[in-house]
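Residue strings, one per chain:
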Amino acid sequence: MIKKKRKLHWSENVVLGELTTFKIGGPTRYYFRAETEEDLIEALRQAREGDLPVFILGSGSNILVSDQGYPGAVIQLANRFFRFSGQEMEVGAGVALNWLVTEAARLGVGGLECETAVPGTVGGAVYGNAGTPDHHIGQLVKEVYFINRKSLEPGCYSAKQCQFDYRQSVFKEDQDKVITSIVLTGQPEKREVIWERMHDLARRKAASQPRFYPSAGCVFKNPPGHSAGALIDQAGLKGHRIGQAQISEQHANFIINLGRAKSRDVLALIDLIKEQVNKQFKVELVEEIIILPE
Ligand SMILES: Cc1cc2nc3c(=O)[nH]c(=O)nc-3n(C[C@H](O)[C@H](O)[C@H](O)COP(=O)(O)OP(=O)(O)OC[C@H]3O[C@@H](n4cnc5c(N)ncnc54)[C@H](O)[C@@H]3O)c2cc1C
């Protein structure tokens, strides 16, 4: 039970499906939207005093929430400050990645084009090292500031300490840290060149990804030397449907919600894909999406 000492506006029984791009999932017991670091710290403190598990939500574009919802406190990070200085960008973790990509292009700061059409917040992107197979946000990161959930003390990691790898960072390993802000460094570039790269990537994504049905992006990481989508396609699973969840006909690494898909439908498709790909190609697929409760 949360004891509301300092006044924070906690909501109860908020349906998480509404806060995700998949549009799937039941309610969280408590929900709070933190617009400042101070509010985040206070919310973490109140959840800890209430002995509640905490899940940090960015903009919900990489998660599958259980039909039963979440029996704890979901804190959505919406701290949206930003500072540009030359090629350096300091942004709150709650800043929308798409906004940052466009703003950097407008200012002639190159490097973030690989994040074109990636939904979500900058904090979420750093957590999962989002990007294309070859380029990712970690390549631009200079420093990441965070709050430790247990001690509620602030900290900072250099890019090296973040241990970025393909869809991987130290923050995925160490769930104690909530990313609060990020310093990124781009390189000077002509605006037209940046726009052209962005348009090219946006065109390719529009042609290859299902954009008209709710999804959480790619479900699986690409295993070393393989494309997860190609393996699922070769396993003959494209278009396979369980309930209202379907393996996309357009991109086999996307599962789409045809309307009223349940989390259990998606999980059944995930199990089927893993089993068939392992059976047919002896390859273990690993989820890229985060399944909640973890
Ligand atoms: C149509 C579509 C296309 C996509 N294309 C791509 C793509 O091209 N490349 C790519 O990499 N991804 C892609 N994705 C996946 C998704 O957009 C990214 O993973 C994105 O970075 C997730 O950010 P988010 O803010 O939505 O995080 P959420 O989905 O809200 O959270 C994801 C994880 O990050 C954690 N997290 C979020 N914020 C913080 C924080 N401040 N501190 C600590 N932990 C945090 C959450 O706890 C959770 O575990 C796509 C998704 C969709 C729906």
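Residues numbered from 1 in each chain as written. Predicted model: local features only at pLDDT ≥ 70, side-chain atom pairs only at ≥ 80, totals over all residues. Heavy atoms only, no water.

Caption draft 1: Region of interest: the site of the ligand. Taken together, 33 residues lie near the ligand, and Ile56, Ser61, Thr121, Gly131 and Lys205 sit nearest. A distance of 2.5 Å separates an oxygen atom of the ligand from a polar atom in the backbone of Ile56. Within the backbone of Ala125, one N or O atom sits 3.4 Å away from an oxygen atom of the ligand. Surface burial for the ligand is 95%, taken as the share of its 980 Å² of free accessible area covered by protein chains. Breaking the shell around the ligand down by element, the ones donating at least two residues are strand E3 (54–57), helix H3 (122–128) and strand E11 (177–185). (Near = heavy atom within 4 Å. Polar contact = N/O pair within 3.5 Å; in protein donor to acceptor, adjacent residues only side chain to side chain. Areas by Shrake-Rupley, 256 points an atom, 1.4 Å probe, with all protein chains shown as cover. Helix = DSSP H or I, 4+ residues; strand = E, 2+ residues; numbered from the N terminus.)

Caption draft 2: View of the domain arrangement of the protein chain. Domain boundaries assigned for the protein chain yield domain 1 (11–77), domain 2 (82–207) and domain 3 (211–292). Taking the mean C-alpha position of each, domain 1 and domain 2 sit 22 Å from one another. With 12 residues of domain 1 at the contact, the number on the domain 2 side is 13 residues. Summed over both sides, the interface between domain 1 and domain 2 buries roughly 1,100 Å², with carbon and sulfur atoms accounting for 67% of that surface. Counting the contacts that link domain 1 with domain 2 gives zero salt bridges. (Domains from an automatic or database assignment. Contact = heavy atoms within 4.5 Å. Buried area = accessible area lost by both parts, 1.4 Å probe. Salt bridge = Lys/Arg side-chain N within 4 Å of Asp/Glu carboxyl O.)

Caption draft 3: Broad picture of the packing of helix H2 (residues 97–106) against helix H5 (residues 191–208). At their nearest, the axes of H2 and H5 sit 8 Å apart, and the two run at 150 degrees to each other. In terms of their interaxial angle, H2 and H5 are classed as roughly antiparallel. Between H2, through Val101, Thr102, Ala105 and Arg106, and H5, the contact on the second element is made entirely by Arg191, Ile194, Trp195 and Met198. Residue composition of the contact of H2 with H5, grouped by class: five nonpolar, one polar and two charged. (Axes fitted to C-alpha atoms, helices over the stretch in contact; angles between N-to-C directions. Parallel < 35°, antiparallel > 145°, perpendicular 65-115°, else oblique. Nonpolar A, V, L, I, M, F, W, Y, C, P; charged D, E, K, R; others polar.)

Caption draft 4: Just unusual backbone geometry, in detail. Here the bond from Leu292 into Pro293 is cis, since omega is -5 degrees, no more than 30 degrees from zero. If you check the backbone angles, Asn13 has positive phi at about 55 degrees while not being a glycine. Note that Asn13 resides in strand E1 (residues 11–15). Of note, the phi angle at Lys282 is positive, near 55 degrees, even though the residue is not glycine. Along the polypeptide, Lys282 turns up in the loop between helix H7 (263–281) and strand E16 (290–292). Assessed through its relative accessible area of 67%, Lys282 is described here as exposed. (Buried < 20%, exposed > 50% of the residue type's maximum accessible area, 1.4 Å probe, protein only.)

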